[in-house]
Amino acid sequence: MKIDWQGVFPAVTTQFNEDLSIDYADSQRVVDDLINDGVTGIIALGTCGENNSLEPDEKRKLLTAIVEVVAGRVPVVVGTSELTTPRAVSFAKDAEKIGATGLMLLPAMVYVPKTAELVEHFTQVANATSLPIMLYNNPTAYRVNIGNDALEALRPVKNIVAIKESAADTRRFTDVHNAFGDRYSIFAGLDDVAYEGLLLGAQGWVSGLTSAFPAESVLLVKALKAGDLKTALEIYRWFLPLLHLDADHDLVQSIKLAEQIMGRGSERVRMPRLPLTGARRAEVTKMVEEAAASRPSLSIHKAA
């Protein structure tokens, strides 16, 4: 399958049993439900999939299960997030064999590289696979910025084709476009600047809260694509209090709790994360319940 880099790609969660072993069947169900709700693609094993809390064999087994349930209906882009370049190369090769459609490639974890090291990491992984690659830029979380100097150095690497932009500064969407034109497809990567990013030319949205509210997420992007800014803004203003959760340090726990409240998944997470408790859990629960009670009526919108 060739990836049409546009639309809504939820960063799907990994579901766990009570003993915190992976519930592969329920992880498949979560993905199947999202596809049935109209998402454009799937991001497997991203931050919300708790990539770095899984063992190497678990990652490969879970990706196999996701590819199986997707069955070619939408692209499966898999997070590639490893401590070293050789480990990332190994995973990229295995992901291609398993049947992933593309990679979402992160800088090597923990170490903060110089630009030349960052470029070499990305290049070595890209050279190890024929899969198309989306780079993931999240300078706040990973202390590494994939700046225009790095993107310029990577211009000759043909299968690096997209960038998930999670810098909070929305000027970044225009700066990348002005520097590179259509060389890289740009995706909004922070939920609470998705509207702005899409309005400024991002072709798609890698989303966390879509896992809890997929219909509204899909319609938001459709409305913007159709030029129906009134509908899009109505949805975004309703959605924004929840979308802010995606920018918090406990985003995974919050998103999984939202999924549970909406009957779509479980809040179980693996350590070092723990489920939300106390005032924070009550706060997020109230936010999700209020959003569910006030969600816009999708039937009235032209973009549907």
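For clarity, every value in this text was computed on a predicted model and none was experimentally measured.

1. Re the UniProt feature "active site" (unreviewed entry) in the protein
Sites flagged by UniProt as "active site" (unreviewed entry) map to Tyr-136 and Lys-164. The greatest C-alpha distance among the residues just named is 4.8 Å, despite their covering 29 residues of sequence, which places them together in space. You can see Tyr-136 is positioned in strand 5 (residues 133–137). Sequence-distant contacts of Tyr-136, defined by excluding residues within four places in its chain, comprise Thr-47, Met-104, Leu-105, Leu-106, Pro-107, Tyr-142, Ile-146, Lys-164 and Ser-166. When you line up the elements, Lys-164 lands in strand 6 (residues 160–165). A relative accessible area of 6% means that Lys-164 is categorised as buried. Apart from the residues lying within four places of it in its own chain, the contact partners of Lys-164 are Met-104, Met-134, Leu-135, Tyr-136, Asn-137, Phe-187, Gly-189 and Val-206.

2. Quick look at the packing of aromatic side chains
Applying the stated criterion to the full structure yields 9 aromatic pairs. Here Phe-213 and Trp-238 contribute two aromatic rings whose centre-to-centre distance is 5.4 Å and whose plane-to-plane angle is 85°, an arrangement assigned as edge-to-face. Pair noted here: Phe-213 is in the loop between strand 8 (204–207) and helix 9 (214–225) and Trp-238 is in helix 10 (residues 229–243), with a separation of 25 residues, a long-range link. The pair formed by Phe-213 and Trp-238 is uniform in burial state, with each residue classed as buried. Here the aromatic cluster, defined as three or more aromatic residues joined through ring pairs, consists of Trp-5, Phe-9 and Phe-187. Above the face of the Tyr-136 ring, Lys-164 is positioned so that its terminal group lies 3.7 Å from the ring centre. If you follow Arg-183 out to its NZ or CZ, it ends over the ring of Tyr-184, 4.4 Å from the centre.

3. Re unusual backbone geometry
Geometrically, the link from Met-271 to Pro-272 is a cis peptide bond, its omega value of 25° lying close to zero. Within the element layout of this structure, Pro-272 appears in the loop between helix 11 (251–261) and helix 12 (278–294). Even without a glycine there, the phi angle at Leu-45 is positive, about 60°. On the secondary structure map, Leu-45 appears in the loop between strand 2 (42–44) and helix 2 (56–70). Judged by its relative accessible area of 2%, Leu-45 falls in the buried class. Phi is positive for Ala-71, close to 55°, though the residue is something other than glycine. Along the chain, the position of Ala-71 falls in the loop between helix 2 and strand 3 (76–80). Of the residues examined, Ala-71 reaches a relative accessible area of 58% and is grouped as exposed.

Conventions we followed
- Residues numbered from 1 in each chain as written.
- Predicted model: local features only at pLDDT ≥ 70, side-chain atom pairs only at ≥ 80, totals over all residues.
- Heavy atoms only, no water.
- UniProt positions renumbered as here; feature names shortened; annotations may be inferred.
- Helix = DSSP H or I, 4+ residues; strand = E, 2+ residues; numbered from the N terminus.
- Contact = heavy atoms within 4.5 Å.
- Buried < 20%, exposed > 50% of the residue type's maximum accessible area, 1.4 Å probe, protein only.
- Phe/Tyr/Trp six-rings, centres within 6.5 Å; stacked < 30°, edge-to-face > 60°.
- Lys NZ or Arg CZ within 6 Å of the ring centre and 35° of its normal.

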